[in-house]
Amino acid sequence: MRKLMNLVRGMVTIRVEGLFPERLINLCAQENIDFWAMEWLDEHTVRFVARRRALSRLAVLSQKAGCTVEREAGTPFWQAWSSPCAQLVFSPVLCLPLR
């Protein structure tokens, strides 16, 4: 159920590069930005999943931390401009097989 709710709310996979990517992670925790599935790719790169609405705040925090943030993958484009109520109503409709 939690995975479905995260999908409906919008989630993106983000890759962070910099000398100290853990600084960005600490700033996210201080700003109450939810993130999960964190994975270290090497000593200067980390990948994690966050909510789509946090992207603008992550861009500001990455400048403070001296890191670059790249969006790797995310929810479909239609979720970026639709309301949460519309997403909840139309998400199951889009999952139905067409015959």
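See the structure above.
Residues numbered from 1 in each chain as written. Predicted model: local features only at pLDDT ≥ 70, side-chain atom pairs only at ≥ 80, totals over all residues. Heavy atoms only, no water.

(A) Region of interest: the pattern of salt bridges. Across all of its chains, the model carries four salt bridges by this definition. The salt bridge involving Glu17 is made with Arg15; its shortest N-O contact spans 3.2 Å. Among the ionic pairs, Arg15 bridges to Glu70, the shortest N-O distance being 2.8 Å. Residue Arg15 is located in strand 1 (residues 11-18), and its partner Glu70 is located in strand 4 (residues 67-74); the two are separated by 55 residues in the primary sequence. If you follow the salt bridges from partner to partner, you end up with Arg15, Glu17 and Glu70 in one network. (Salt bridge = Lys/Arg side-chain N within 4 Å of Asp/Glu carboxyl O. Helix = DSSP H or I, 4+ residues; strand = E, 2+ residues; numbered from the N terminus.)

(B) Structural view of the environment of Met38. Mapping Met38 onto the fold places it in strand 2 (residues 35-42). When its relative accessible area of 39% is taken as the criterion, Met38 is described as partly exposed. Each C-alpha atom of the pair Met38 and Arg15 lies 9.8 Å from the other, and the pair is 23 residues apart in sequence. Excluding residues within four positions of it along the chain, Met38 makes contact with Ile25, Val46, Arg47 and Phe48. (Buried < 20%, exposed > 50% of the residue type's maximum accessible area, 1.4 Å probe, protein only. Contact = heavy atoms within 4.5 Å.)

(C) Region of interest: the nonpolar core. Residues Ile14, Val16, Leu24, Cys28, Phe48, Leu58 and Leu61 are the most contacted members of the largest nonpolar core, which totals 16 residues. Elements with a minimum of two residues in this core: strand 1, helix 2 (21-30), strand 3 (45-51) and helix 3 (55-65). Of the residues forming this core, the biggest block, four residues, is contributed by helix 2. Those residues in contact with Leu24, other than ones at most four positions away along the chain, are Val16, Leu58, Leu61, Ser62, Ala65, Cys67 and Val69. (Core = buried A, V, L, I, M, F, W, Y, C linked by side-chain atoms within 4.5 Å.)

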